[in-house]
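Listed below, chain by chain, are the residues.
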Amino acid sequence: GGAEEDHCAPGRGEGGQGVCDSREMARGFLTERRRGARRIALSVAILIIGVALLMFFNGGPESLGMLLFFCTEALGVGVLSWQGFQPKQYQQLERQGLFFDPAVLEELRQEAIQARRRSGNMVLAGAMLCIVSFGAIFFLSQYLGMANGISTAFAFAMIALGVSLFIMAGSDMSAYDLLTRNGRHRQEADKESRHGWIFGLFMPLAALVFVGLGLAFRVWHIAWIIFPVTAICCSGYVNYKDSQENE
């Protein structure tokens, strides 16, 4: 189209490869990214809420807890799959070099500064929710006399909200990073993709172990520790491999 051709400079990328973008294409890309991030955040929150419901009914009708657990997990997986099958109109932006008119690029950089502040506040709020959730388990069980399963369920609901904020904030920062620092962003994305399978493998395994321990030994209020331990171990291994590759 005419608007998208105004700022094109063919052949400026490596080997003549590149995508020449207009302001309209950048806006469309940001809108698509935010919509996808909301869907992913919703699906992850639903998956965590499913575990919370299972723990909430741990001391009562467990058949109801299991039914709600499997229903919410199926719903969460369904939302995540739905997002995966959505058409990616701007997928080529993530694989090739981008070239903007200097005025458009400067505008995006100013927006990126505001987006980082906004995302930083979201990350801070999410971190506070996750931290407070751990204290909520102790407070609700010790001072309000709630059963461990119920207090842990409330904590997991807070964690679900916190993790959703992390996902949306991270996606927004990544989108602006891709637009304003395209070369470096693609290098970092390539590096992350080489080790992304580690989290994709071990975090679901941690979830299976968590549910297994909870169902077998009724230790929901303790078994949750497997999630931060797994995440820390995976992050440590990835950082170690990255440091070796950079030497």
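Since we're looking at a predicted model, the values are computed, not measured.

K.L.:
Tell me about the overall build of the chain, and please be specific about residues and values.
P.N.:
Within the chain, the secondary structure is distributed over 8 helices and 2 strands. Considering the chain as a whole, with its 247 residues, one finds that 36% of them fall into the buried category.

K.L.:
An account of the side chain of T72 is requested, with residue identities and associated values reported.
P.N.:
By the secondary structure assignment, T72 is in helix α3 (residues 62–84). On the basis of relative accessibility, which here comes to 14%, the residue T72 falls in the buried class. Not counting residues within four places of it along the chain, the set of residues in contact with T72 comprises I46, G50 and L53.

K.L.:
Pulling in residues and values, what's your account of the packing of helix α2 (residues 23–56) against helix α4 (residues 102–142)?
P.N.:
Two quantities define a packed helix pair, namely the angle between the helix axes and the distance between the axes. Close contact between α2 and α4 brings their axes to 11 Å; oriented N to C, the two are set at 20 degrees. By the angle between their axes, α2 is roughly parallel relative to α4. Seen from above, α2 lies across α4 with right-handed handedness. Judged by residue contacts, R23, A26, R27, L30 and R34 of α2 engage V104, E107, L108, E111 and R118 from α4. For the contact of α2 with α4, the per-class residue count stands at 4 nonpolar, no polar and 6 charged.

K.L.:
Could you give an account of the confidence of the model for the chain, with specific residues and numbers?
P.N.:
For the chain, mean pLDDT is 79; residues scoring 70 or higher make up 79% of the total. Of the regions scoring below 50 in pLDDT, residues 1–17 engages in 19 contacts with residues more than four places distant in sequence or in other chains.

K.L.:
Before we move on, could you go through the packing of aromatic side chains and cite the residues and values that matter?
P.N.:
On inspection of all chains with the given rule, the structure shows 6 aromatic pairs. A centroid spacing of 6.4 Å and a plane angle of 70 degrees characterise the contact between F156 and F227, whose relative ring orientation is edge-to-face. Placement of F156 in helix α5 (residues 148–180) and of F227 in helix α8 (residues 226–246) is noted, with a sequence separation of 71 residues between them. Looking at F156, the relative accessible area reads 6%, which means it is buried. Between F210 and F227, the ring centres sit 5.2 Å apart and the planes meet at 55 degrees, which makes this aromatic pair tilted. With F210 in helix α6 (residues 182–217) and F227 in helix α8, this pair connects stretches of sequence that are 17 residues apart. A relative accessible area of 0% places F210 in the buried class. A connected cluster of aromatic rings, assembled from ring pairs, spans F56, F57 and F154. Here the basic side chain of R39 rests over the ring of W82, its NZ or CZ set 4.4 Å away from the ring centre.

K.L.:
Which residues make up a nonpolar patch on the surface, and what values do they have?
P.N.:
Residues W197, L201, F202, L205 and L208 make up a contiguous nonpolar surface patch of roughly 510 Å² in combined accessible area. Considering the arrangement of structural elements, one finds L208 in helix α6.

K.L.:
Go over α4, please, and point to the residues and values.
P.N.:
In this model, α4 (41 residues) spans 60 Å end to end at C-alpha, consistent with the 60 Å of a helix rising 1.5 Å per residue. For α4, the capping residue at the N-terminal end is D101, with a side-chain oxygen 2.9 Å from the backbone nitrogen of A103.

K.L.:
I'd like a rundown of the pattern of salt bridges, residues and numbers included.
P.N.:
In total, this model carries 5 salt bridges according to the counting rule given. One salt bridge in this structure joins R34 and D172, with 2.9 Å as the shortest N-O distance. In this pair, R34 is assigned in helix α2 and D172 in helix α5, connecting sequence segments 138 residues apart. The partner of D172 in a salt bridge is R118, with the nearest N and O atoms 3.1 Å apart. In this pair, D172 is assigned in helix α5 and R118 in helix α4, connecting sequence segments 54 residues apart. D172 sits in the buried class, given a relative accessible area of 8%. Each member of the salt-bridge network shares a partner with another, and the members are R23, R27, E107 and E111.

K.L.:
Quick one: what's the story with the nonpolar core, residue by residue and with numbers?
P.N.:
Nonpolar side chains in soluble globular proteins tend to be buried together. If you look at the biggest cluster of nonpolar residues, it comprises 18 residues, and the most contacted ones within it are V51, M55, F69, F156, F210, V211 and W224. Elements that contribute at least two residues to this core include exactly α2, α5 and α6. By residue number, the principal contributor to this core is α2, which donates 6 residues. Counting residues in hydrophobic clusters, the runner-up holds 17 residues, among them L93, F100, A115 and A175.

Parameters and conventions
- Residues numbered from 1 in each chain as written.
- Predicted model: local features only at pLDDT ≥ 70, side-chain atom pairs only at ≥ 80, totals over all residues.
- Heavy atoms only, no water.
- Helix = DSSP H or I, 4+ residues; strand = E, 2+ residues; numbered from the N terminus.
- Buried < 20%, exposed > 50% of the residue type's maximum accessible area, 1.4 Å probe, protein only.
- Contact = heavy atoms within 4.5 Å.
- Axes fitted to C-alpha atoms, helices over the stretch in contact; angles between N-to-C directions.
- Parallel < 35°, antiparallel > 145°, perpendicular 65-115°, else oblique.
- Left-handed = near helix turned anticlockwise from the far one by under 90°.
- Nonpolar A, V, L, I, M, F, W, Y, C, P; charged D, E, K, R; others polar.
- pLDDT = per-residue confidence, 0-100.
- Phe/Tyr/Trp six-rings, centres within 6.5 Å; stacked < 30°, edge-to-face > 60°.
- Lys NZ or Arg CZ within 6 Å of the ring centre and 35° of its normal.
- Patch = residues over 30% accessible without salt bridge, like charges linked within 9 Å, V, L, I, M, F, W, Y side chains within 5 Å.
- Areas by Shrake-Rupley, 256 points an atom, 1.4 Å probe, with all protein chains shown as cover.
- Salt bridge = Lys/Arg side-chain N within 4 Å of Asp/Glu carboxyl O.
- Expected span 1.5 Å × (residues − 1).
- Polar contact = N/O pair within 3.5 Å; in protein donor to acceptor, adjacent residues only side chain to side chain.
- Core = buried A, V, L, I, M, F, W, Y, C linked by side-chain atoms within 4.5 Å.

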